[in-house]
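Observations on chain architecture
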Amino acid sequence: MRQTVCKVVFPAAGLGTRFLPATKAQPKEMLPLVDKPIIQYGVEEALAAGCNQIIMVTGRGKSAIEDHFDVSFELEKILDEKKKTDLLRVVREISDMIHVAYVRQKEALGLGHAVLTARELVGREPFAVLLADDVIDAQVPVLKQMIDVFEKTQSSVLATQIVEGEAISAYGVLDVKPVDGQSDGRLYEVFNMVEKPPVEEAPSNLAIIGRYILTPTIFDVLTQTQMGKGGEIQLTDGLRLLLKREKVYAYVYEGKRHDTGDKLGFLKATIEFALKRDDLGGALKEYLRQLKLD
Ligand code: G1P
């Protein structure tokens, strides 16, 4: 029986130390790109891919995420009284958008452990994992591109992109062979992978990016995955065990990715998204022009 994907797991328990002090009292996922929290871009991508069952893996200090996707009765009442109908619509859309379940990762034991925490809520069906830090601007939502590949392969699929030079060491890195004649040369079969290797040990320049379609077998192998890099249970190590049982594919998605977990990446994404906006783009362009940077 062919299976489809309708659940998306959002690991959102990380401490956000790269953005301190901004993240001392608010989750990093709630930092806004222009006027929308980072995590909402991911949720909108999931919806656009046809997945409306969202599972958030959160932790201490993350209640702002729950509030954001909940109904804000007081706010809606005030906006209604003040006849701010456009804003009222924006606020309502967020809570109407999704069915969301929350599960808490009690200890920060890594991405693999976060995914394992969602096991009961996912059940025995294929599902997606979306790392909200990786905001990807694409004509066809990347999650949709990945689900299309899953529907053909019925196997786990990892999003990948080329990363040149030393920067590869910040990623899970793939050892792959192209699958000829499939998906315009964008599809690869995965044979091995390493989490954050030194550049000289990287098996290729193909980095894992934060979109995964996984079969439920990943839960079985994650329970056997040992602590890896940084003393954490790494999803990459779990996936290496998965390779012994099932085929795993990698897909070079179409789209522009912004690493909003990084300060410079966050700033670049803010500028690019603002430049695309009808209400801000023109004025921002004008401002940037008059800065006369050398
Ligand atoms: C995680 C994964 C890594 C992957 C990356 C993509 O790392 O562990 O394999 O390449 O996401 O963004 P993190 O960025 O959370 O350190």
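Residues numbered from 1 in each chain as written. Predicted model: local features only at pLDDT ≥ 70, side-chain atom pairs only at ≥ 80, totals over all residues. Heavy atoms only, no water.

Comments concerning the packing of helix 3 (residues 73–81) against helix 4 (residues 85–97)
- For the pair helix 3 and helix 4, the least separation of the axes is 9 Å and the interaxial angle reads 155°. Comparing the axis directions of helix 3 and helix 4 gives the class roughly antiparallel. Once helix 3 is placed against helix 4, the crossing between them reads as left-handed. The segment helix 3 lies against helix 4, with Leu-75, Glu-76, Leu-79 and Asp-80 engaging Leu-87, Leu-88, Val-91, Arg-92 and Ser-95.
- When the residues that make up the contact of helix 3 with helix 4 are grouped by side-chain class, the tally is five nonpolar, one polar and three charged. (Axes fitted to C-alpha atoms, helices over the stretch in contact; angles between N-to-C directions. Helix = DSSP H or I, 4+ residues; strand = E, 2+ residues; numbered from the N terminus. Parallel < 35°, antiparallel > 145°, perpendicular 65-115°, else oblique. Left-handed = near helix turned anticlockwise from the far one by under 90°. Contact = heavy atoms within 4.5 Å. Nonpolar A, V, L, I, M, F, W, Y, C, P; charged D, E, K, R; others polar.)

Description of the site of the ligand
- Near the ligand you find Leu-111, Leu-131, Asp-134, Tyr-171, Gly-172, Glu-195, Lys-196, Ile-208, Gly-210, Tyr-212, Gln-234 and Thr-236, and these make up its full shell.
- Take Gly-172: an N or O atom from its main chain is 3.0 Å from an oxygen atom of the ligand.
- If you tally residues by element for the shell around the ligand, the top one is strand 11 (residues 206–214), at three residues.
- Here the residues of the shell around the ligand sort into five nonpolar, four polar and three charged. (Near = heavy atom within 4 Å. Polar contact = N/O pair within 3.5 Å; in protein donor to acceptor, adjacent residues only side chain to side chain.)

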